[in-house]
Protein chains: 2
Amino acid sequence: MILLKSSDILHYKSVEIELLFKCNQDRILVVLNIFGHNMKFAITGKGGVGKTTTSSLLARLFAAEGKKVIAIDANPDANLATALGISAAEAQCITPIAELNDLIQERTGLQAGSVGGFFKVNPKVDDIPERFSVRQDGIELLVLGTVKKGGSGCLCPEGALLKSLLSHLVLGRSEVVIMDMDAGVENMGRGTAKGVDAFIIVVEPGQRSFQTARAIRNLAKDLGVSKCYIVGSKTRDNNDRQFIIENLSDFDVLGFINYHPEIAEADRVGKSVFEMAPEAITEVREIKNKLEQIIQKK
Amino acid sequence: MILLKSSDILHYKSVEIELLFKCNQDRILVVLNIFGHNMKFAITGKGGVGKTTTSSLLARLFAAEGKKVIAIDANPDANLATALGISAAEAQCITPIAELNDLIQERTGLQAGSVGGFFKVNPKVDDIPERFSVRQDGIELLVLGTVKKGGSGCLCPEGALLKSLLSHLVLGRSEVVIMDMDAGVENMGRGTAKGVDAFIIVVEPGQRSFQTARAIRNLAKDLGVSKCYIVGSKTRDNNDRQFIIENLSDFDVLGFINYHPEIAEADRVGKSVFEMAPEAITEVREIKNKLEQIIQKK
């Protein structure tokens, strides 16, 4: 039997918790409840629906109320940095996830593919995001990395590393992870977001993004993630909003980010939506509140 | 020395042509010119810019003038079938590319990873698209296939097979391949579209899709594809069109598909853009003509 102090458990990796779980199931369930590790979200959906906009605004709003936000750009066609208002020069300083491999091995003492014992595991992984990110406005941004050479191969190893990092992060009460996924469903095959607590699926008023949402929910079950929430995007009127609610009536719809010309304008001038589209901020604040209400209930 | 009849060469795989090329470079260069194999296009770009709309309209317009069109949905979050006006029931009859592996081996006599001699290679691959596709309005649609189970892995093997199939297809004068790619740049790492003659990069008036276009062009060079053309999408006025031309001044811009509410409406009701948005058809016809002019000049 191993005693844990509350100051320790915040930093313990999920691998360790799984090992403890085998020793004493009830006790660990209590620990998980105490530290409410249910604030890791993957923002996903069809290409171009508004995933990055949603991710960046959620990150900014959680950070504005004093939460520590780890924002992860898991899209090889990365643009979360700009959406967060981080300059291109600063974004270039971020070491991509792909280069964390050695460090994770150094910290955990685990060789890839092996299963380490509890005592061999070094629990200090909570500073990894800080060391390999750019911090701005209370948000630490990590990026997956992109394709550097045509024909050089896929990003499967990077995806696997990100999955591992996500499962390492055990969050405290005031911490949130927002992961901006790549478009579509392939990341679901890889299970990059396996460690998240919920998928937030962004849709626009069209069948193709609904089809993607349904596919994501089916695949999420295979990853052991049962919570999939909808954010409606680019809605122009109440008909559009109703259209989404009626077509996805078996989902919890968190709210809507209506079509605002300011969002397109932010992309034209390469600025953050947070700076340019105040109405969208109000809408995403409502979405965030609804999300927190749902989580507290469950 | 091997003599080729013109009726044969249409069906010869590029693997064989490469082997012949080694025997007699000049002769094969003539054959390639005669049969004008420069009509394989990959439609690519940031998520949600209008790749599927562009692909489906180009496919319909080439088919309408009597060309044989092979449309390939290379997006695991597939929706080209609907855009082409193929019903969900018909689309479900298509055998995904992933299941062609055995057949390609059977036809070519080549084991994966081996290099077969000229005489061992069975040239009959031209019927593969016909056998594993749905045909409608002069278009044969093939689909890559999607993720069937969360955490089951990536689609790298399927991508590799698609790349192989593309390089097998040597087109006749009246044949066109239109491949609708998945969003972003990861497919460039895999080199799925290595066998195409040109990338048609769809952009909207925003920095993020411009950034993707530039990344694609850089990666395309690594794949040996030097031709990258731009289609501007969702443009609302002349300012938008100029904004694209000025930001991508070092690209050939083929034309524009303006914002039409009918395109969004087609997605709402799950119908093809071809049926719903006549103005977009006119615009894509101009894009197709410009593309053909550029190709004939080069």
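This text follows the structure it describes.
First, a word on what this report is: a plain description of the structure on this page. (Residues numbered from 1 in each chain as written. Chains lettered and ligands numbered in written order. Predicted model: local features only at pLDDT ≥ 70, side-chain atom pairs only at ≥ 80, totals over all residues. Heavy atoms only, no water.)

The subject of this paragraph is the overall build of chain A. Assigned secondary structure in chain A consists of 15 helices and eight strands. Counting only contacts in chain A whose residues sit at least 6 apart along the sequence, the fraction spanning at least 24 positions is 76%. Working note: accessible area of chain A is about 12500 Å², and carbon and sulfur atoms make up 50% of it. (Helix = DSSP H or I, 4+ residues; strand = E, 2+ residues; numbered from the N terminus. Contact = heavy atoms within 4.5 Å. Areas by Shrake-Rupley, 256 points an atom, 1.4 Å probe, with all protein chains shown as cover.)

All names here are of chain A. As summarised here, the arrangement of the eight strands in space is S3-S4-S2-S5-S1-S6-S7-S8, forming an open sheet in which the pairing is mixed. Sheet topology places strand S3 (134-136) and strand S8 (252-258) at the edges, where each strand pairs with a single neighbour. Adjacent strand axes in the sheet meet at a mean angle of 20°, parallel and antiparallel pairs treated alike. Here strand S1 (residues 40-44) runs beside strand S6 (residues 198-203); their pairing, made up of four bridges, is parallel. Counterpart to Ile 43 in the pairing with S6 is Ile 200. (Pairing = 2+ DSSP bridges. Axes fitted to C-alpha atoms, helices over the stretch in contact; angles between N-to-C directions.)

Our focus in this paragraph is the interface of chain A and chain B. Each partner contributes residues to the interface: chain A has 47 residues there, and chain B has 47 residues. Summed over both partners, the interface of chain A with chain B buries about 3600 Å², with 46% contributed by carbon and sulfur atoms. The largest share of the area that chain A buries against chain B comes from Glu 186, Arg 208 and Arg 268 of chain A, three residues that together contribute 20% of it. If you look at where chain A meets chain B, you find six salt bridges. A salt bridge links Lys 149 of chain A to Asp 222 of chain B, with the shortest nitrogen-to-oxygen separation between them at 3.9 Å. Where chain A meets chain B, there are 14 residue pairs in polar contact (both at pLDDT 80 or more). Of all the secondary structure elements, the ones that give two or more residues to the side of chain A that touches chain B are helix H10 (186-190), helix H11 (207-222), helix H12 (238-247) and helix H13 (261-269) of chain A. For the side of chain A that touches chain B, the residue count by class is 15 nonpolar, 18 polar and 14 charged. (Buried area = accessible area lost by both parts, 1.4 Å probe. Salt bridge = Lys/Arg side-chain N within 4 Å of Asp/Glu carboxyl O. Polar contact = N/O pair within 3.5 Å; in protein donor to acceptor, adjacent residues only side chain to side chain. Nonpolar A, V, L, I, M, F, W, Y, C, P; charged D, E, K, R; others polar.)

So, on to the sheet that holds strand S8 (residues 252-258) of chain B. Residue and element names in this part refer to chain B. A sheet is described by the order of its strands in space; here eight strands give the open sequence S3-S4-S2-S5-S1-S6-S7-S8, paired in mixed fashion. In the strand order of this sheet, the two ends are held by strand S3 (134-136) and S8, each with one partner. When strand polarity is set aside, the average angle formed by the axes of neighbouring strands in this sheet is 20°. Where strand S2 (residues 68-73) and strand S5 (residues 175-180) come together, six bridges link them in parallel fashion. The residue of S5 that forms the bridge with Ile 72 is Met 179. Helix H12 (residues 238-247) rests against strand S6 (198-203), strand S7 (228-235) and S8 of the sheet, and its axis sits at about 155° to S7.

For the rest of this paragraph, the subject is the relation of the copies chain A and chain B. Mapping chain A onto chain B is achieved by rotating through 180° and translating by 0.0 Å along the same axis, at an RMSD of 0.0 Å. Here the transformation between the copies is reduced to the relation of a two-fold axis. Counting the interface residues of chain A, we find that 100% of their copies in chain B are interface residues as well, pointing to one common contact surface. (Least-squares fit on C-alpha atoms with pLDDT ≥ 70 in both.)

This part is about the pairing of S5 of chain B. Residues and elements named next belong to chain B. Across the six residues of S5, six count as buried, placing the element largely inside the fold. Burial along S5 is two-sided: Glu 175, Val 177 and Met 179 facing one way and Val 176, Ile 178 and Asp 180 facing the other are all buried. Relative to S5, strand S1 (residues 40-44) runs parallel, the two being bridged by four bridges. Within S5, the residue paired with Phe 41 across the bridge is Ile 178. (Buried < 20%, exposed > 50% of the residue type's maximum accessible area, 1.4 Å probe, protein only.)

This brings us to the packing of aromatic side chains. One pass over the full model with this rule turns up three aromatic pairs over all chains. Ring centres of Phe 210 of chain A and Phe 243 of chain A lie 5.5 Å apart, and the angle between their planes is 40°; on these two criteria the pair is classed as tilted. With Phe 210 of chain A in helix H11 and Phe 243 of chain A in helix H12, this residue pair connects regions lying 33 residues apart in the sequence. Centroid distance Phe 41 of chain B to Phe 62 of chain B: 6.5 Å. Interplanar angle 15°. Geometry classified as stacked. Pair noted here: Phe 41 of chain B is in strand S1 and Phe 62 of chain B is in helix H4 (residues 51-64), with a separation of 21 residues, a long-range link. With respect to burial, Phe 41 of chain B and Phe 62 of chain B carry one shared label: buried. Positioned above the aromatic ring of Phe 243 of chain B, the side-chain terminus of Arg 268 of chain A is 4.2 Å from the ring centre. (Phe/Tyr/Trp six-rings, centres within 6.5 Å; stacked < 30°, edge-to-face > 60°. Lys NZ or Arg CZ within 6 Å of the ring centre and 35° of its normal.)

Keep in mind that these numbers describe shape and distance, not what the molecule does.
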